[in-house]
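# Structural features, examined
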Amino acid sequence: MNLLRLVTGWVSALLAATLLLAATPPGDWAQPAATLADQIASILGPGQATLVIRNLSSIENADVPSIRASIERNLKARGISLAGAESANIIRITLSENTRGRLWVAEIAQGNETRSTMVAAGASVARTGSIADYMTLRRERLPIANTDAPSGDPILSAFDSGNTLVVLHPDTIDLFAFAEGAWRHQKFVPLNETRRLSRDPRGIMIPTPDRTAFVAYTGQTECSGAYSPAAAPAAPPADGWTIHCHASDDPWPVTIPVNGQTSAATMENIRVTPVRAFFNAARNYFTGVVTPAAGVDLAPFYSFAEVARPSGTMAWLVNGIDSKVQIVDNGALKPVSGARDWGGDFAVLKSGCGSGAQVIASGSGEAAVDSLRAYELPAQEAVPASAPLTMNGTVTSLWPASDGKSLLAAVRLASRDYEVDRVTALCN
């Protein structure tokens, strides 16, 4: 009888242990949940808050409720009660990861102030359908034929106006019309750039939303262009463009205007931009001086983008000439981890996937051919959102297209010629 009771007890204990193991999510979530709750409580203090959690990691979505429950228990134990959307305090937690492991990032919004903290949550676990496959980048080469530009003349920027492709080179603006399956050269406008440029010239071209006007900058030259249909019905489309260039040391616009105007009758809708930066034409980078002021001292940089934060505010993403990527958020300059493999160029793509918009960054240039990859940016962590997209050569510049939903990339081929690729995203 005693033996029977002993065996029965063993079986019961084994069954209980099996059920407990089955109910325990893979990975040890208790420790990172407690540590993160400690850090949140030290920032927020006792009170009410709304908790929002999103998963951008390889953790199975079925495990997220258990993680949430653990975090909620730890927050309540530290005097933070969870309320509905009416609370003025919001805790946004992103379950992310990089090549080194899982990282849980918390953003704590109190009124107009947002602070962030993060904890390591163990090593990443490979799985089918990882964080790098919820969107796919695709590229399409713009077929440019019969160009009069010298072979190897860099393409600095370009945009498609519907009936004309406008391409910025260091010395000219070239106009193309689409015919017989390709963009064919019609005419060019000299920039009259006489001052010495860097060995690796750069430029930008910003069209109005309706793409009937633009401003362009390269070296120490500023150009403006406006389109009106040519008087003769059979005239080439390029004849409708009026382009004027002049010497200028004015700062370049480095963000897309938010002004809603679309008329080409005035250039104010593209001359008034949220952010401008002073460009050092002799050294091929921005000096770090921007207007309006950043509120912090910026080092010289190559790339600049405006990114939306989960709190609804806007932050500035800056890629310094020292290859360090930093973010200016709430008046503070913070390093971005997970961006070590980024090259000199990035831009924001409004894909509609994931959070709705991602940072597309070129590779570091160590490979034989370049690549582009999408990243989410929860707090200060760059999280891969796509697999790398292999390009035909080296990406020399990357900028948002005027449709707002794609990017254009200038690519230098092994032959030293250039092509322009349109990059779009497919949500998986």
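Residues numbered from 1 in each chain as written. Predicted model: local features only at pLDDT ≥ 70, side-chain atom pairs only at ≥ 80, totals over all residues. Heavy atoms only, no water.

### Observations concerning the pairing of strand β12 (residues 203-207)
As a reminder, the rule being used: The rule is simple: take the accessible area with a 1.4 Å probe, protein chains only, and divide by the maximum for that residue type; under 20% is buried, over 50% is exposed, in between is partly exposed. Helix and strand assignments come from DSSP, with helices taken as H or I runs of at least 4 residues and strands as E runs of at least 2, each series counted from the N terminus. When DSSP finds at least two bridges between two strands, those strands are taken to pair.
By the criterion of burial, β12 is predominantly enclosed, with four of the five residues buried. Note that β12 and strand β13 (residues 213-218) share five bridges and pair antiparallel. Among the inter-strand pairings, Ile-204 is bridged to a residue of β13, identified as Tyr-217. Hairpin connection from β12 to β13: five residues lie between these consecutive antiparallel strands, with Arg-211 at a positive phi of about 60°.

### Things to note about the pattern of salt bridges
As a working rule, side chains carrying opposite charge can pair if their charged atoms are close by. Filter applied, for reference: The salt bridge criterion pairs a side-chain nitrogen of Lys or Arg with a carboxyl oxygen of Asp or Glu, the two atoms within 4 Å.
For the structure shown, the criterion picks out four salt bridges. When the shortest N-O distance is used, the salt bridge between Arg-78 and Asp-38 registers 2.5 Å. Taken together, the positions of Arg-78 in the loop between α3 (64-77) and β2 (80-82) and Asp-38 in helix α2 (residues 30-44) put the pair 40 residues apart, joining distant regions of the chain. On the basis of relative accessibility, which here comes to 25%, the residue Arg-78 falls in the partly exposed class. Judged by its relative accessible area of 43%, Asp-38 is partly exposed. The partner of Asp-421 in a salt bridge is Arg-139, and the shortest N-O contact between them spans 4.0 Å. Here Asp-421 is found in strand β30 (residues 418-427), whereas its partner Arg-139 is found in strand β6 (residues 135-142), with 282 residues between them in sequence. Judged by its relative accessible area of 0%, Asp-421 falls in the buried class.

### Some points on the nonpolar core
Just so we agree on the cut-off: We call a set of buried residues a nonpolar core when its members are Ala, Val, Leu, Ile, Met, Phe, Trp, Tyr or Cys and they connect through side-chain atoms within 4.5 Å of each other. Only heavy atoms matter for contacts: two residues are in contact if any of them lie within 4.5 Å across the pair.
Ile-40, Ile-71, Ile-80, Ile-91, Ile-93, Leu-95 and Trp-104 are the most contacted members of the largest nonpolar core, which totals 25 residues. Of all the elements in the fold, those that place two or more residues in this core are α2, β1 (47-55), α3, β3 (89-98) and β4 (101-110). With seven residues, the top contributor of residues to this core is α2. Every residue in contact with Leu-95, bar those within four places of it in the chain, is listed here: Ile-53, Arg-54, Asn-55, Leu-56, Ser-57, Ile-59, Val-64, Ile-67, Leu-103 and Trp-104.

### Examining the sheet that holds β6
Here is the rule we go by: For every element, the axis is a line fit to its C-alpha atoms; helices are fit only across the contacting stretch, and the angle between N-to-C directions ranges from 0 to 180 degrees.
Across the sheet, four strands lie side by side as β6-β30-β29-β28; this open sheet has antiparallel pairing. Each edge of the sheet is formed by a strand with only one pairing partner; in this case those strands are β6 and β28 (394-400). On average, each strand axis in the sheet is inclined to that of its neighbour by 30°, with strand direction left out of account. Direction of pairing for strand β29 (residues 407-412) relative to β30: antiparallel, over a ladder of six bridges. Within the sheet, the bridge partner assigned to Val-411 lies in β30 and is Glu-419.

### Notes on the sheet that holds β12
On the basis of which strands lie adjacent, the open sheet formed by four strands has the order β12-β13-β14-β15 and antiparallel pairing. In this open sheet, the two strands that pair with only one neighbour each are β12 and β15 (241-247). On average, each strand axis in the sheet is inclined to that of its neighbour by 15°, with strand direction left out of account. As paired strands, β13 and strand β14 (residues 221-227) are joined by six bridges and run antiparallel to one another. Residue Ala-216 lies in a different strand from β14, and its bridge partner there is Cys-223.

### A word on the packing of aromatic side chains
Two aromatic rings are characterised by how far apart their centres lie and by the angle between their planes. For the record, the criterion: Each Phe, Tyr or Trp ring, with Trp reduced to its six-membered ring, pairs with another whose centre is within 6.5 Å; inter-plane angles below 30 degrees give stacked pairs, above 60 give edge-to-face pairs, and intermediate values give tilted ones.
Applying the stated criterion across every chain, the model contains 16 aromatic pairs. Ring centres of Trp-29 and Trp-104 lie 5.9 Å apart, and the angle between their planes is 35°; this geometry places the pair in the tilted category. Here the residue Trp-29 occupies a position in the loop between α1 (2-23) and α2, and Trp-104 occupies one in strand β4, the gap between them amounting to 75 residues. Pairing Phe-279 with Phe-286 gives two aromatic rings, centres 5.2 Å apart and planes at 70°, and the pair type is edge-to-face. Overall, the relative accessible area of 5% leaves Phe-286 in the buried class.

### Some thoughts on the side chain of Gln-380
Selection criterion: Whenever a nitrogen or oxygen atom comes within 3.5 Å of another N or O atom, the pair is scored as a polar contact, on the condition that within protein one atom can donate a hydrogen and the other can accept it, and that pairs from neighbouring residues in sequence are kept only if both atoms are in side chains.
Position of Gln-380 among the secondary structure elements: in the loop between β25 (371-376) and β26 (383-384). Assessed through its relative accessible area of 17%, Gln-380 is described here as buried. A distance of 3.2 Å separates a polar atom in the side chain of Gln-380 from the backbone oxygen of Pro-335. When sequence neighbours within four positions are dropped, the list of residues in contact with Gln-380 reads Ser-116, Met-118, Lys-334, Pro-335, Val-336 and Ser-337.

### Digging into the confidence of the model for the protein
Under the convention used in this document: The quantity known as pLDDT measures the predictor's confidence residue by residue, on a range of 0 to 100.
When pLDDT is averaged along the protein, the result is 79; 80% of the residues meet or exceed 70. The least confident element of the protein, judged by mean pLDDT, is α1 at 38; the most confident is strand β18 (residues 285-291) at 93. Counting contacts from residues 1-26, a segment whose pLDDT is below 50, to residues more than four positions away or on other chains yields three contacts.

### Side note on the state of the cysteines
Rules: Criterion for a disulfide: a pair of cysteine sulfur atoms within 2.5 Å.
Tallied over the full model, the rule gives two disulfides. A sulfur-sulfur distance of 2.1 Å marks the disulfide that ties Cys-223 to Cys-245. Here Cys-223 and Cys-245 share a disulfide; its torsion about the S-S bond, 110°, makes the bridge right-handed. Here Cys-223 is found in strand β14, whereas its partner Cys-245 is found in strand β15, with 22 residues between them in sequence. By relative accessible area, which is 2% here, Cys-223 ends up buried. Disulfide pairing is shown between Cys-353 and Cys-427; the S-S distance is 2.0 Å. Its S-S torsion of about -95° marks the bond between Cys-353 and Cys-427 as left-handed, since a negative value means left-handed. Taken as a pair, Cys-353 in the loop between β23 (342-349) and β24 (358-363) and Cys-427 in strand β30 lie far apart in primary sequence, 74 residues in all. Judged by relative accessible area, which is 2%, Cys-353 ranks as buried. Assigning the bonded cysteines of the protein consecutive numbers by sequence position, one obtains the connectivity 1-2, 3-4.

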